[in-house]
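Remarks on the overall topology
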Amino acid sequence: MTMEMPQIRLGGDGSWLELVQTGEDSWRVTADWCSSLSADFTAHLTGEEVADFAARMLSHVRAPSGSRFSAAVTPGRNNPLRLSAEPVGDRFAFFVQLTPNGDDDVCHLQMEINPIDATELRGMFAELLASLGF
């Protein structure tokens, strides 16, 4: 029996973002916007960094404040992924910024993901945390 790698996918057919662990401290970041703009790259991230990111996101969607929030997957400048969320009723629209080379001023992709139900988001981030053993 093979164990499924930790992962999360946000979005639907039109625009989506996926973060999948491919090995120890290795994650695949993939995104697509209307089949017109895409990104697919490997990022060096520890399980602890991803778990911390998922926990921060989960805390915001568990107790929505009604205001925008943002979280980066790593605290430093070498950050491959930042999500900003905008509340839309009981849903959240996401603005994604990807920096494949880890430099905020070079080679980045920005896109929007349509609103996702808060209950669904809580489940997705909770599953990611559980799959990481947290």
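It should be noted that the structure appears before, not after, this text.
Residues numbered from 1 in each chain as written. Predicted model: local features only at pLDDT ≥ 70, side-chain atom pairs only at ≥ 80, totals over all residues. Heavy atoms only, no water.

**With respect to the sheet that holds strand 3 (residues 26-33)**
Pairing between sheet strands relies on hydrogen bonds along the backbone, with the strands arranged either parallel or antiparallel. Taken together, the four strands give an open sheet; going across it, the order is 1-2-3-4, and neighbouring strands pair in antiparallel fashion. A single partner strand is all that each edge strand has here, and the edge strands are strand 1 (7-11) and strand 4 (37-44). If you compare each strand with its neighbour and ignore which way they point, the axes differ by 10 degrees on average. (Pairing = 2+ DSSP bridges. Helix = DSSP H or I, 4+ residues; strand = E, 2+ residues; numbered from the N terminus. Axes fitted to C-alpha atoms, helices over the stretch in contact; angles between N-to-C directions.)

**A short note on the pattern of salt bridges**
Scanning the model with the defined rule gives three salt bridges in all. Note that Arg-56 and Asp-52 form a salt bridge whose closest N and O atoms lie 3.0 Å from each other. Of this pair, Arg-56 and Asp-52 both sit in helix 1 (residues 47-62), four residues apart, which is roughly one turn of that helix. Exposure remark for Arg-56: the relative accessible area of 28% places this residue in the partly exposed category. For Asp-52, a relative accessible area of 42% corresponds to the partly exposed category. (Salt bridge = Lys/Arg side-chain N within 4 Å of Asp/Glu carboxyl O. Buried < 20%, exposed > 50% of the residue type's maximum accessible area, 1.4 Å probe, protein only.)

**Considering the packing of helix 1 against helix 2 (residues 118-131)**
At their nearest, the axes of helix 1 and helix 2 sit 9 Å apart, and the two run at 155 degrees to each other. By the angle between their axes, helix 1 is roughly antiparallel relative to helix 2. As helix 1 packs across helix 2, the resulting crossing turns out to be left-handed. Residues Val-50, Ala-51, Ala-54, Ala-55, Met-57, Leu-58, Val-61 and Arg-62 of helix 1 form the contact with helix 2, whose own contacting residues are Ala-118, Leu-121, Arg-122, Phe-125, Ala-126, Leu-128 and Leu-129. Broken down by class, the residue content of the contact of helix 1 with helix 2 amounts to 13 nonpolar, no polar and two charged. (Parallel < 35°, antiparallel > 145°, perpendicular 65-115°, else oblique. Left-handed = near helix turned anticlockwise from the far one by under 90°. Contact = heavy atoms within 4.5 Å. Nonpolar A, V, L, I, M, F, W, Y, C, P; charged D, E, K, R; others polar.)

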